[in-house]
Amino acid sequence: MAVKGLVAAIVQFLTQQLEEGDITADSRESLEVAIQCLESAYNVQASDTPANFNLFEVYKSSVESTKPELAPEATPEAKAEAERLKNIGNALMKAEKYHEALANYTRAILLDGRNAVYYCNRAAACSKIGNHQQAIKDCHTALSIDPTYSKAYGRLGLAYSSLQKHKEAKESYQKALEIEPDNESYKNNLQVAEEKLAQPSMNNMGLGGGALPGMDFSSLLCNPAFMNMAHQMLSNPDLQDLVGNLMSGQVEQGRHMDTLLEAGQHFARQLQNANPELIESLRRQMGGNPNDPDPPQQN
C-alpha cells in the first residue's frame, strides 16, 4: 500500500504540473503518457493519494533539512570587528605565524559565521599547519555559503592533494576553473593532480603483484624460509652499519643513493650465498631465465 500511495502522489504531482506548470506542448504530451503509464502499471489514480499529503512539500522539507545550518545574522558592529580580526589574520599569515592567524580567523567566524571568506582563510591556515582535514571541512562550509567561491575550491584541491587524494583534488580544481577559467594557478594545479593520477600506484609497483609478472610479494613475505633468511641477513653487522650511517645522516651529501644501492647489493649477495635455490625460485617468479648469466656487479 505504501508503494501505491507514493505512486499516486507522483501522479498527483504530475497532474498538477499539467494544470499549473509552464511547460511546452511536447513536454505536456510526455507528462500525459507518463501519467497514463503509472496509472496503468500500479492501478492508481491521483485521488488515491493519502489525505493532506503533498509530495512537493515533502521534497522541499527534505532538501531544507540537508542544508547546513547558518549562523544568525551578525550585527553591523560584530561584522566590523570580524573584518578587523580577519585583516589581522591576513597579516599574521604573511608573517608565517599560522597558529595565531588561525586563532584570529576563528574569532572572526564566531562573530560573523555567515562570511565564506573567514572559513576559506582559516582553511589556508589549517593547511599551513598540516591540519588538512579541518581545511577540507572549512572549504566545504565556505562553499555551502557561497557555491561560486573559486578560491575555496582551489584551497579544497590543495588540502586533498596534501592527503594524496588526487581524484578529489582534480575535481576541486576543475570546479575552480569552471568559475575562474583564466586562473593559471588552478590550471597548473589541475595538471599536477592529473599527472599524479596517471602515475602507477603502489599496487602497480610490484607490491601487489602487478608490475612484476608472477611476482607475489604477499606470498613471499609469508614464506618462512625467506623471512628467516632475511632476519639473519639483516642481523649482519656490516649491513647494519650501512643502514645506520644512512639513517643517521653520517653520509656525505650526494652519496645517499650510492650508499642505499650498496646496502641493497650487499643484502642480495648475502641472500645468494645463503640460499641460492630460493634466489633461483624468485628469479623464475619474476620471469627471468635461471640459465641467464648474472648481471655484472657495480663497483
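Residues numbered from 1 in each chain as written. Predicted model: local features only at pLDDT ≥ 70, side-chain atom pairs only at ≥ 80, totals over all residues. Heavy atoms only, no water.

Taking an unreviewed UniProt entry as the reference, the chain is identified by name as SGTA homodimerisation domain-containing protein belonging to Xylocopa violacea.

In this fold, Ser 172 is placed in helix α9 (residues 166-179). On the accessibility criterion, Ser 172 (4% relative accessible area) is buried. Excluding residues that lie within four positions of it along the chain, Ser 172 makes contacts with Tyr 153, Leu 156, Gly 157 and Tyr 160. (Helix = DSSP H or I, 4+ residues; strand = E, 2+ residues; numbered from the N terminus. Buried < 20%, exposed > 50% of the residue type's maximum accessible area, 1.4 Å probe, protein only. Contact = heavy atoms within 4.5 Å.)

A separate point is the UniProt feature "repeat: TPR" (unreviewed entry) in the chain. The UniProt record marks residues 82-115 and 150-183 with the feature "repeat: TPR" (unreviewed entry), using the residue numbering of this structure. Summarising residues 82-115: 79% helix, 0% strand, and an end-to-end C-alpha distance of 9 Å. Annotation note: span residues 150-183, helix share 79%, strand share 0%, distance between end C-alpha atoms 10 Å. (UniProt positions renumbered as here; feature names shortened; annotations may be inferred.)

Taking 1.5 Å as the rise per residue, helix α6 (residues 116-128) with 13 residues should run 18 Å; its terminal C-alpha atoms sit 19 Å apart, in good agreement. Among the 13 residues of α6, eleven are classified as buried, and the element is accordingly described as predominantly covered. Those residues of α6 that are buried are in contact with α4 (76-94), α5 (98-111), α7 (132-145) and α8 (150-162). Immediately beyond the C-terminal end of α6, within one or two residues, lies Gly 130, with a positive phi of roughly 85 degrees. (Expected span 1.5 Å × (residues − 1).)

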